[in-house]
Amino acid sequence: MKVELVTNVLDANTAIAEQNRQFFAAKGVFVLNLMSAPGAGKTTILEKTIEALKDQIRIGVIEGDICTTRDAERIAALGIPAVQINTDGACHLDANMILRSLQNLSLEDLDLLVIENVGNLVCPAEFDLGEHYKAMVISVTEGNDKPTKYPLMFKESQAILVNKLDLLPYTDFSLEVLKQDLETLNPQAQVFPISARTGEGVVAWSQWLVELASSIKSK
Ligand code: MG
Ligand code: ZN
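In this report, we go over the structure that sits alongside the text. (Residues numbered from 1 in each chain as written. Chains lettered and ligands numbered in written order. Predicted model: local features only at pLDDT ≥ 70, side-chain atom pairs only at ≥ 80, totals over all residues. Heavy atoms only, no water.)

**Notes on the side chain of Thr49**
Residue position: Thr49 is located in helix α2 (residues 42–53). A polar contact of 2.6 Å, which involves the side chain of Thr49, links it to the backbone oxygen of Ile45. Sequence-distant contacts of Thr49, defined by excluding residues within four places in its chain, comprise Val202, Trp205, Ser206 and Leu209. (Helix = DSSP H or I, 4+ residues; strand = E, 2+ residues; numbered from the N terminus. Polar contact = N/O pair within 3.5 Å; in protein donor to acceptor, adjacent residues only side chain to side chain. Contact = heavy atoms within 4.5 Å.)

**Details of helix α7 (residues 175–185)**
Those residues of α7 that fall on the buried side of the exposure criterion are Leu175, Leu178, Leu182 and Leu185. Seen from one end, α7 has its buried residues packed into an arc of 85°, which puts them on one side. For α7, the exposed residues lying more than 90 degrees away from the buried face are Glu183 and Thr184. On its buried face, α7 is in contact with α5 (146–149), α6 (151–156), β6 (159–163) and β7 (190–193). The backbone nitrogen of Glu176 has a side-chain oxygen 3.2 Å away, supplied by the residue at the start of α7, namely Ser174. (Buried < 20%, exposed > 50% of the residue type's maximum accessible area, 1.4 Å probe, protein only. Arc of directions from axis to C-beta.)

These results come straight from atomic positions and should not be treated as a statement about function.
Okay, here's the thing in structure tokens:
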């Protein structure tokens, strides 16, 4: 008997991610993997995005956290289908966790599925989940050194949201410096300055998502 040896955990992950990707394509749902450090504001941004879009497109959310169902409860409170994955210590989501969680979501009823990854600037960017696009949040309180210290997530993301814009006057963060760093790391990235607290910038970001979701439908 020939035994296939899977030598690389990332290779195994990629195979399952490919299965997820085909499933998403068959259901016509656009899938976004949303990443950031803990506390950057992913869930609050999602709440504002859902408020802006829930009469335009059908949204579902998968929440990834090490513990608790708090974030899925916040999303479900808005009347949106939400599934919580608890990774039980793991610091990122992988494709198999997504595959299993899909049993609890009715994808044919969705236009957009957002997967909120575990708060972590490192390995979430290494694991393909089968998503169409990655987006990440950096908040201005995290400082300008993050793109050069943690380049992979900044390189892999099609959109970079710069959150907590309302706090900009109280920090040394520079949007210009960020944009200069991105010219080297990821010149194609869409940059969305945003304040989930005040709502500034939510419309531009939300419209970008609507366009992506409808581009999948028209294929
Ligand atoms: Mg969260
Ligand atoms: Zn990890």
